[in-house]
Amino acid sequence: MRRIGVTKIVSHAALDADERGFEAGLAGAGFKEGVNVTFLRRNAHGDMARAEAIARELVQAKVDLIHTIATPTSQAVMRTGSSIPMVFSAVTDPVRAGLVPRNSAPGQKTGTHVTGLSDLWPVQLQLETYAKVVPQAKVWGTIYNPQEINSLTHVGVMRVTAARLGLTLIEATVSSSAEVGRVATQLADKVQAFTITSDNTTVAALEAIARVCDERKIALFAGDIDSVVRGAVMAYGLDYFLVGYSAGRKAALVLKGIPPGDVPWGPVEKFSLVINLRAARAQGVTLAPELLAKADKIIE
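Not measured: the values here are computed from a predicted model.

What follows is about the overall build of the protein. For the protein, the helix and strand inventory stands at eleven helices and 13 strands. Looking at the protein as a whole, 56% of its 300 residues are labelled buried. Long-range pairs, those at least 24 residues apart, make up 71% of the contacts in the protein between residues at least 6 apart in sequence. With the model as given, the accessible surface of the protein reaches about 12000 Å², and the carbon-plus-sulfur share is 52%. Separation of charge centres in the protein, based on 32 positive and 28 negative side chains, amounts to 2 Å.

For the rest of this paragraph, the subject is the pattern of salt bridges. Applying the stated rule across the entire model yields eleven salt bridges. Through salt bridges with shared partners, a single ionic network connects Lys8, Asp16, Glu19, Glu23, Glu33 and Arg41.

Moving on to the packing of aromatic side chains. Across all of its chains, the model carries three aromatic pairs by this definition. Chaining the aromatic ring pairs together yields one cluster made of Tyr130, Trp140 and Phe221.

Another point: the nonpolar core. Formed by 103 residues in total, the largest nonpolar core has its most connected members in Trp140, Ile209, Met234 and Leu287. Broken down by element, this core gets its largest block of residues, seven residues, from helix H9 (residues 240-255). Those residues within four positions of Leu287 in sequence are excluded, and the remaining contacts are Val133, Val233, Met234, Ile275, Leu277, Ala280 and Leu292.

Trans is the prevailing form of peptide bonds, just as negative phi is the prevailing case for residues other than glycine. You will see that His45, though not glycine, has its phi angle at about 50°, which is positive. Looking at His45, the relative accessible area reads 63%, which means it is exposed. The phi dihedral of Ala70 falls on the positive side, at around 95°, and the residue is not glycine. If you trace the backbone, Ala70 turns up in the loop between strand E3 (65-69) and helix H3 (71-79). Given the relative accessible area of 0%, Ala70 is considered buried.

The next point concerns the sheet that holds strand E5 (residues 114-118). Taking strand neighbours across the sheet as the criterion, the six strands line up as E2-E1-E3-E4-E5-E11 in an open arrangement whose pairing is parallel. Lying at the two open borders of the sheet, with one neighbouring strand each, are strand E2 (37-43) and strand E11 (266-267). Relative to E3, strand E1 (residues 2-8) runs parallel, the two being bridged by five bridges. Bridged to Thr7 within E3 is Thr68.

With that settled, consider the environment of Asp296. Tracing the backbone shows Asp296 in the loop between helix H11 (289-294) and strand E13 (297-299). For Asp296 and Gly34, which are 262 residues apart along the polypeptide, the C-alpha to C-alpha distance reads 35 Å. For Asp296, the residues in contact, after removing those within four places along its chain, are Phe271, Ser272 and Leu273. Among the polar contacts made by the side chain of Asp296, one reaches the main-chain amide nitrogen of Leu273 at a distance of 2.7 Å.

Turning our eyes to something else, we now look at H3. For H3, a buried count of seven out of nine residues is recorded, marking the element as mostly surrounded by other parts of the structure. Burial in H3 covers these residues: Thr71, Pro72, Thr73, Ser74, Gln75, Ala76 and Val77. Looking at the buried side of H3, the elements it contacts are E1, helix H2 (48-60), E3, strand E4 (86-91) and helix H5 (149-164). Directly after H3, the chain includes Gly81, whose backbone phi takes a positive value near 80°.

If you trace the seven strands from one edge of the open sheet to the other, you get E7-E6-E8-E9-E10-E12-E13, paired in mixed fashion. Two strands lie at the open edges of the sheet, namely strand E7 (168-173) and E13, each paired on one side alone. If you compare each strand with its neighbour and ignore which way they point, the axes differ by 20° on average. Examined bridge by bridge, strand E6 (residues 139-144) and E7 share six bridges and lie parallel to one another. Within E7, the residue paired with Val139 across the bridge is Thr168. Contacts from helix H4 (residues 123-133) reach E6, strand E8 (193-195), strand E9 (219-224) and strand E10 (234-238) within the one sheet, and its direction differs from that of E10 by about 165°.

The rules we used
- Residues numbered from 1 in each chain as written.
- Predicted model: local features only at pLDDT ≥ 70, side-chain atom pairs only at ≥ 80, totals over all residues.
- Heavy atoms only, no water.
- Helix = DSSP H or I, 4+ residues; strand = E, 2+ residues; numbered from the N terminus.
- Buried < 20%, exposed > 50% of the residue type's maximum accessible area, 1.4 Å probe, protein only.
- Contact = heavy atoms within 4.5 Å.
- Areas by Shrake-Rupley, 256 points an atom, 1.4 Å probe, with all protein chains shown as cover.
- Lys, Arg positive; Asp, Glu negative; His and termini not counted.
- Charge placed at Lys NZ, Arg CZ, Asp CG, Glu CD.
- Salt bridge = Lys/Arg side-chain N within 4 Å of Asp/Glu carboxyl O.
- Phe/Tyr/Trp six-rings, centres within 6.5 Å; stacked < 30°, edge-to-face > 60°.
- Core = buried A, V, L, I, M, F, W, Y, C linked by side-chain atoms within 4.5 Å.
- Pairing = 2+ DSSP bridges.
- Polar contact = N/O pair within 3.5 Å; in protein donor to acceptor, adjacent residues only side chain to side chain.
- Axes fitted to C-alpha atoms, helices over the stretch in contact; angles between N-to-C directions.

This is how it looks when you write it as C-alpha cells:
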C-alpha cells in the first residue's frame, strides 16, 4: 500500500479538477485508492503559513510521494529540504519558483527528486481574443496576490500585451480571498472589463467578482475553463482535470520505480474555448456567431 501526500493551496474549481484528474491518472495506471494507494489530502485554505505546516507534516509522515497542487504549496515542500519524490501540477513557472534547475527546459529531465506539469497560460493570446469580444473596452482591470509567483509571471505578460494592443491595464492586489469582492467593487469604477489570471487567491473568490460585473455590466474573462461556469463570459485556457491527469501519469511512473528526475517535466499544450451565455447576457456582452462557432463548449 503506497501512501501519497496531497497538498493544495486552496479549493476552487480548477484546483479541485486538478486533484480529481491526478487520482484518475493514477487509477488508470493501476494505482487505485483503497486497493494499493492511500491519500493524505491536505488543504491550506489560502493560508501560506498553513501550507508550510502541511509540507512539514507530510514529510514527517514519510509518505512515498507528494503531489503539490499550485506554486505556493510546491515551494513549501521544497523548503523542507526533503528528498521524497514530488510531482507538482498547476505551477506556472517551475524554474522561477525554484522547483526545477535553472538550466532545465520544458520536456527535459530534472535529475532531482522532482517532476511535474506546468500550467503556463497563453496569456497573450487570451487578452488578444478577449479584447476583440469587447472592442469598446480600453481600460482593463485585474486582481492578484503578489505573493504568488505564478501570478507575477502571467501579469507581466499581460502588461506587455495590453500596451501592444493600446489598452490600459489597472492592477489591484489582495492578500486574501476575503478582500477580492471589496477590491473588485473599487476597481469597477475605473475599468470597462476584467481579466483574471492564474491567481489562486483571486480565483477562489471569482463569484464575488462576477457579482460586481453583473451589477455594473462589465465583462469578466477568466483564464481557466473551470471558472467560466462560475460567472465569467469566457476563457480560452486549460482543462485542469487534464493537467492533474498528466501529473498522475508521471506519478505512476515514479511509483513503478522510475526516479522522478528521469521523468521529464513539461507544459500542458492543449487549450479550449468555453463560453458562458448566461454571464454574457448578465454583463451586457454580445458574442459574434463566428466566435460561438469556434467554442469547444457553450454554457447556456
